[in-house]
Amino acid sequence: METSALKRLQVQRFKPEENPEIHYLNSERGLWSWLSTVDHKRIGLMYLASIAIFFFIGGVLALVLRTELLSPAQSFLDADVYNQVFTLHGAIMIFFFLVPSVPAALGNFILPIQLGAKDVAFPRLNLASFYIYTIGTVFTLVAIITGAVDTGWTFYTPYSTETGTNVLLMTLGIFILGFSSILTGVNFIVTIHKMRAPGMTWSKLPLNVWSLYATSIIQVLATPVLAITLLLLVMERALGIGIFDPALGGDPVLFQHFFWFYSHPAVYIMIVPGFGVISEVISTFSRKHIFGYWAIALSSLAIAFIGFLVWGHHMFTAGQSSLASMVFSFLTFLVGIPTGIKIFNWLATMYKGSIDLKAPMLYAMVFLFLFTIGGFTGIMLGALSVDIHLHDTYFVVAHFHYVMMGGMVMALLAGLHYWWPKMFGKMYSEVYARISCALIFIGFNLAFLPQFVMGAQGMPRRYFNYIDQFQPFHQLSTMGAYIMGVGFVIMFFYLLHSLVRGEKAASNPWGSRALEWQTTSPAAPHNFEHTPVVIHGPYDYHKPMSEFQLGIAHGHHGESHQPETLETVAETGTRP
Amino acid sequence: MDKVLEFLLPPAKSTIAGQVDGLFIFILAVSAVLLVGISFAIIYFSWKYKRRSEQDTTPVITHNTKLEVAWSVIPLILVMIVFGWGFTGYMNMRTVPTDAYEIRVVGKSWLWEFHYENGTVSVNELHVPANRPVNLVMSSNDVIHSFYIPDYRVKRDVLPNRYSNVWFEAMETGESVIFCTEYCGRAHSNMIATVTAHSESDFENWLATANVIDESLSPVELGKELIAKNGCNACHSVDGSRMVGPSYKGSWMAERELEDGSVVTVDANYLRESILEPNAKIGAGYDPVMPSYQGLLSDREIDAIIEYIKTID
Ligand SMILES: [Cu+2]
Ligand SMILES: [Cu+2]
């Protein structure tokens, strides 16, 4: 299989220490040690805290919107405020929460450990990305406080060039944010290429790494287009350059092409990392080799590439040629295939497994169900004639919430619960975790299933008022949103409880074969005290645990370690 | 099946609606079957293969080429059917029959204007002949709007400085709702109109009389009717509540502060100017969003509106 030189390495077994005295959380103390850290794990946690805050803000805004929509006419928000609230809900959830969620927060924490590396390739650049993200958020917060924005997160021209709200600051904020995303992507690509532990060949790469790899490629290639688009919008507003203004010879639809050229791939920035998390979780909790490793790995790359060519499916009603619509519709269906393949692979992984329904697995199963619905409704929207009817209705709203929240957020929660012991060295209450998972599942479906129906019935999106006929659906939806809110509040408390007085976590509480579980919990300051050597893939459950704990000792501090067991391995992984 | 259709989709009132609904139901049915299968597999596997002990071993199944080809190719065939079906439906929507009856549509923030061949103009009320293809030639006066009739399954964006079109053929007489589905600002959700499909003769009748003033009405009654017909109610109330624009209530001879700080009296000249050139004087605290009614209202009609406003206090 491997064509690389059969280098022989002297390895020994390193059983991870339980309850380590020194780990990355306490190796340095004080606020400054966090603010100036270049440790990918700490940066990951800082992202995690930031996205949690933005998820909270975005979530509260969603509840405000749903509450206003309880009745058809105005209740406690006026139209302007409503429009600002839905704009902020969308912009915050997408640019400040979803895009950085799995890559920047979970990915930063876990990627180098999964590779057996000490850190990402450019640790300082990594910290810089975080600060760029922070500066972007400050701009945006200032924009919100000094006058809000009411364009919708899509900033369509000419409305966005004419409205009196603070579009300039907001777009500048998102413009800045984009650089953070690009830099994280570059960092990950280089890390994956250059920092893999000895023996970690491309075919032994955890699927989470493959999907972060695919995501990073999209981040690096697509985000600059968003930057240019937003810059043009800023120039249009500030200088009146007329690129999008028909009165000056521009074209408002051009903006939509630019915008979706980024924002469709961005959908994959938001969902592909989730695929990686789900692959890890399903294999670990089924204690079984992942089914169709290459199919899952390569389908992520396929999605990343085809994903660049489907942006026009957002514009079937906007006035592009029928030929263009046909091509975009066709490619949209093509991109659905690799996604479907993944679902079947995950199911096949569960077949004859040893399935443990712990919280991360529950979230993964919720993901499978909700994301499948999201996918099927995507097929509806990709079908040209049906899309004409459904475009810009609540059907679309429900569809992307099934994909983004039912897909990505569930994957994020699966990953969070899965890696939580590695992050903090603590366990959380399994009982409360299940309760909150159940509430979120019920609430989610109650919130968004009715939106499919009212959308198909014709209820347009971004409506502050609506005709009476839709009220029952809106009321159900609002109930669902509240139930989901309760689920998240419970989660906040049991996770907080876990942090403060949770049970100590074992180094490998799930019995996983993956590399990140072969170090201490919480992880060591430099991930591993040794250089891990990989001879099996991360899903080889038929191999004994001891063979996943091999490595080469560092001769640090001048002392030389006396190996307890000596083994000789070839990089091919064939052993006596 | 009909019950499901009725619950999920609005009544199908145009010739193309059936085709759209057919595809919708096809995708829905196939998806439902697959979803049930997938959900069943999730639940069955997690029950059947529940972990019994920490020592459980699992078989090493890394892949299965036949199976993988099957679950790539079968979905591919299915989506290609959907693609072809959707595309043919779309082409039908885009190919306007040559004998279509043409109506001009103008989207303005936030109302719809319909111009007919004989010069008749209606606001927020579209009247069409049933059982005859109708082609709407649309453009916007400001930002992008989108013209959507759920019952007819048609939708098309309405763009500034460019014509777009949508055609349909209503299969029965009756009323349906028209929405704006492209977010266009404050009163986006009030940019609602109705389409009424008439029999051919009713339509001819309507067209001949629509803009003829009913001589039996007094100016005040006429003014009231005009205000309802021209979409003024979307932005102005008669009960004193503030909407997009100021309420008519008590406005006659009131003092108005303008954006530039000057004060004017709401007299007949001011009202007339406000209707024909709304942006000449902007009331303080309001946005310059009222569309001009130049060319839509005759002098006599404007007089009637003024008479009516005088009576609201
Ligand atoms: Cu898209
Ligand atoms: Cu609108």
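Everything quoted here is computed from the prediction, not taken from an experiment. Throughout, a residue's number is its position along its own chain's written sequence, starting from 1. Here every chain gets a letter starting at A, and every ligand a number starting at 1, in the order they are written. For a predicted model such as this one, the threshold for reporting local features is a pLDDT of at least 70, and the threshold for listing and counting side-chain atom pairs is 80 or more; totals across whole chains, interfaces and linings nevertheless cover every residue. Calculation of side-chain values draws on the structure's entire complement of heavy atoms; hydrogens and water are dropped beforehand.

(A) Examining the sheet that holds strand β7 (residues 154–158) of chain B more closely. Residues and elements named next belong to chain B. Taken in spatial order, the five strands line up as β4-β10-β9-β6-β7 in an open sheet, and their pairing is mixed. Because the sheet does not close on itself, it has two edges, and the strands there are β4 (125–129) and β7. This sheet shows a mean twist of 25° between the axes of neighbouring strands, independent of strand direction. Judged from the five bridges that link them, strand β6 (residues 145–149) and β7 form a sheet pairing that is antiparallel. Its bridge partner lying in β7, S146 is registered against D157. Each pair of strands is called paired provided DSSP finds at least two bridges between the two strands. Strands here are runs of E lasting at least two residues and helices are runs of H or I lasting at least four, both read from the DSSP assignment and numbered beginning at the N terminus. Here the axes come from fitting lines to C-alpha atoms, over the contacting stretch only for helices, and the angles between their N-to-C directions go from 0 to 180 degrees.

(B) Seen up close, the domain arrangement of chain A. All names here are of chain A. Residue ranges for the domains trace back to a domain assignment, done automatically or taken from a database. According to the domain assignment, chain A contains domain 1 (1–30 + 516–576) and domain 2 (37–270). If you average the C-alpha positions of domain 1 and of domain 2, the two centres end up 36 Å apart. Throughout, a residue-residue contact means that at least one pair of heavy atoms, one from each residue, lies within 4.5 Å. Taken residue by residue, the interface counts 25 residues in domain 1 and 25 residues in domain 2. By buried area we mean how much accessible surface two parts lose on assembly, using a 1.4 Å probe and totalling the loss over both. Note on domain 1 versus domain 2: buried area summed over both sides is about 1,900 Å², and carbon and sulfur give 56% of it. The largest contributions to the domain 1 side of the interface with domain 2 come from Y24, E516 and N527, which together make up 31% of the buried area. By definition here, a salt bridge exists when the distance from a side-chain nitrogen of Lys or Arg to a carboxyl oxygen of Asp or Glu is within 4 Å. Linking domain 1 with domain 2 are zero salt bridges, by the criterion used here. Whenever a nitrogen or oxygen atom comes within 3.5 Å of another N or O atom, the pair is scored as a polar contact, on the condition that within protein one atom can donate a hydrogen and the other can accept it, and that pairs from neighbouring residues in sequence are kept only if both atoms are in side chains. At the junction of domain 1 with domain 2, the criterion picks out 12 residue pairs in polar contact (both at pLDDT 80 or more).

(C) The coordination of the copper ion (ligand 2), seen in detail. Residues and elements named next belong to chain B. The rule for donors is simple: an N, O or S atom within 2.8 Å of the metal counts, and for Na, K and Ca the reach is 3.2 Å. Water is not among the atoms, so a site may look short of donors. Surrounding the copper ion (ligand 2) are the protein donor atoms C180 (SG), E182 (O), C184 (SG) and H188 (ND1), which sit 2.0 to 2.6 Å from the metal. Note on geometry labels: four donors, all angles 85 to 135 degrees, give tetrahedral; four donors become square planar and six octahedral when opposite donors are over 155 degrees apart and every other angle is between 65 and 115; remaining cases are irregular. Seen from the copper ion (ligand 2), its four donor atoms lie at angles of 89 to 127°, and the figure they make is tetrahedral. Read from N- to C-terminus, the donor residues coordinating the copper ion (ligand 2) fall into the pattern C-x1-E-x1-C-x3-H. With a relative accessible area of 0%, C180 lands in the buried category. When a residue's accessible area, from a 1.4 Å probe over protein chains only, is under 20% of the maximum for its type it is buried; when over 50% it is exposed; and in between it is partly exposed. Here E182 falls in the buried class, since its relative accessible area comes to 5%.

(D) Inspection of the interface of chain A and chain B at higher detail. Residue-level contacts link 91 residues of chain A with 75 residues of chain B. Here A:D356 and B:R51 are joined by a salt bridge, their closest N and O atoms 3.6 Å apart. In this assembly, chain A and chain B are joined by 26 residue pairs in polar contact (both at pLDDT 80 or more). The set of elements that each furnish at least two residues to the side of chain A that touches chain B consists of α3 (79–115), α5 (159–162), α8 (252–286), α9 (293–306), α10 (322–350), α11 (359–382), α12 (384–390) and α14 (430–457) of chain A. Counting residues per element, the side of chain A that touches chain B draws most heavily on α10(A), at 15 residues. The classification used treats Ala, Val, Leu, Ile, Met, Phe, Trp, Tyr, Cys and Pro as nonpolar, Asp, Glu, Lys and Arg as charged, and all other residues, Gly among them, as polar. Here the residues of the side of chain A that touches chain B sort into 52 nonpolar, 27 polar and 12 charged.

(E) Quick peek at empty space enclosed by the protein. The distinction between a cavity and a pocket rests on a 1 Å grid over the protein atoms alone: a 1.4 Å probe fits inside a cavity but cannot get out, while a pocket stays open yet meets protein on both sides within 12 Å along at least five of seven lines, and a residue with an atom within 4 Å of a point counts as lining. Grid points are joined across faces, edges and corners, and a volume is the space filled by probe spheres set on the points. Taken as a whole, this structure holds six cavities of 30 Å³ or more when the rule is applied. Within this model, the largest cavity holds a volume of roughly 600 Å³. What lines the largest cavity is a set of 35 residues, among which B:H236, B:G245, B:P246, B:S274 and B:M290 lie closest to the centre. Of all the secondary structure elements, the ones that give two or more residues to the lining of the largest cavity are α6 (268–276) and α7 (299–311) of chain B. At four residues, α6(B) tops the list of elements feeding residues into the lining of the largest cavity. Its residues assigned to classes, the lining of the largest cavity comprises 23 nonpolar, nine polar and three charged. The two domains that each donate at least three residues to the lining of the largest cavity are domain 2 (101–209) and domain 3 (219–310) of chain B. Considering the residues around the second largest cavity, the lining is formed by 17 residues, among which A:F95, A:V99, A:P100, A:L177 and A:S181 are closest to the centre. Going through the elements one at a time, α3, α6 (167–194) and α7 (207–239) of chain A are the ones with two or more residues in the lining of the second largest cavity. The greatest single-element share of the lining of the second largest cavity, amounting to six residues, is contributed by α6(A).

(F) Representation of the coordination of the copper ion (ligand 1) within the structure. All names here are of chain A. Within the protein, H264 (ND1), H313 (NE2) and H314 (NE2) serve as the donor atoms for the copper ion (ligand 1), at 1.6 to 2.1 Å. Sequence spacing of the donor residues for the copper ion (ligand 1), all on one chain, is H-x48-H-H. Of this pair, H264 sits in helix α8 while H313 sits in the loop between α9 and α10, placing them 49 residues apart in sequence. By relative accessible area, H313 is classed as buried at 13%.

(G) Geometry of the nonpolar core. In these notes, a set of buried Ala, Val, Leu, Ile, Met, Phe, Trp, Tyr and Cys residues joined through side-chain atoms within 4.5 Å is what counts as a nonpolar core. Core analysis: the largest hydrophobic core is formed by 249 residues, its most contacted members being A:F95, A:F155, B:L126 and B:F147. Top contributing element to this core by residue count: α3(A), with 23 residues.

(H) Representation of the layout of surface pockets in the model. Approximately 620 Å³ is the volume found for the second largest pocket. Along its surface, the second largest pocket is lined by 28 residues, and A:E162, B:S109, B:W110, B:P288 and B:V289 are the ones closest to its centre.

(I) Quick look at unusual backbone geometry. In this structure, A:P158 follows A:T157 across a cis peptide bond, with omega equal to 0°. Tracing the backbone through its elements, the reader meets A:P158 in the loop between α4 (123–145) and α5. The step from A:S521 to A:P522 runs through a cis peptide bond, and the omega angle for that step is -10°. Along the chain, A:P522 turns up in the loop between α15 (471–501) and β2 (530–532). Residue A:R462 is not a glycine yet carries a positive backbone phi of 60°. Note on placement: A:R462 falls in the loop between α14 and α15. Of note, the phi angle at B:R153 is positive, near 60°, even though the residue is not glycine. Relative to the helices and strands, B:R153 is located in the loop between β6 and β7.

(J) Structural view of the confidence of the model for chain B. All names here are of chain B. The predictor attaches a confidence to each residue, and that confidence, scored 0 to 100, is pLDDT. Here chain B averages 90 in pLDDT, while 100% of its residues score no lower than 70. Mean pLDDT across the elements of chain B ranges from a minimum in helix α1 (residues 2–8), with 83, to a maximum in β6, with 96. Across the whole predicted complex the pTM is 0.90, and at the interface the ipTM reaches 0.90.

(K) Quick look at the confidence of the model for chain A. Residue and element names in this part refer to chain A. Counting all residues, the mean pLDDT for chain A is 90, and 95% of those residues have values of 70 or more. For the stretch residues 1–5, pLDDT sits under 50, and the model shows four contacts to residues farther than four places along the chain or on other chains. Low confidence marks residues 557–576, where pLDDT is under 50. Its contacts with residues over four positions away, or in another chain, come to 37 contacts.

(L) How the structure looks around α14(A). Expected span of a helix, by definition, is 1.5 Å for each gap between consecutive residues, and there is one gap fewer than residues. Its 28 residues place the ends of α14(A) 41 Å apart at the C-alpha level, agreeing with the 40 Å of an ideal helix rising 1.5 Å per residue. Backbone geometry just downstream of α14(A) places A:G458 in the positive-phi region, at approximately 115°.

(M) View of the pattern of salt bridges. Tallied over the full model, the rule gives 16 salt bridges over all chains. Note that A:R434 and A:E430 form a salt bridge whose closest N and O atoms lie 3.3 Å from each other. On the criterion of helical spacing, the pair formed by A:R434 and A:E430 is a turn pair, its members being four residues apart in helix α14. On the accessibility criterion, A:R434 (37% relative accessible area) is partly exposed. When the shortest N-O distance is used, the salt bridge between B:D151 and B:K13 registers 3.4 Å. With B:D151 in the loop between β6 and β7 and B:K13 in the loop between α1 and α2 (17–48), this pair connects stretches of sequence that are 138 residues apart. Here B:D151 falls in the buried class, since its relative accessible area comes to 9%. Through salt bridges with shared partners, a single network forms among A:R287, A:D356, A:K358, B:R51 and B:E54.

(N) Quick peek at the packing of aromatic side chains. Note on ring pairs: Phe, Tyr and Trp rings are taken, using the six-membered ring of Trp, and paired if centres are within 6.5 Å. Classes follow the plane angle, with under 30 degrees stacked, over 60 edge-to-face and the rest tilted. For the structure shown, the criterion picks out 68 aromatic pairs over all chains. Seen from their ring centres, A:W202 and A:Y213 are 5.6 Å apart, and the 65° between their planes marks the pair as edge-to-face. You can see A:W202 sitting in the loop between α6 and α7 and its partner A:Y213 sitting in helix α7, a full 11 residues away along the chain. The class of A:W202 is partly exposed, set by a relative accessible area of 27%. For the pair B:Y44 and B:W47, a centre-to-centre distance of 5.9 Å together with 50° between the ring planes defines the contact as tilted. Linking B:Y44 with B:W47, this pair stays in helix α2, spanning three residues, or about one helical turn. Look at B:W47 and you get exposed, because its relative accessible area is 60%. Here the aromatic residues A:F95, A:W153, A:Y156, A:F244, A:F255, A:F258, A:F259 and A:W260 are joined through ring pairs into a cluster of three or more.

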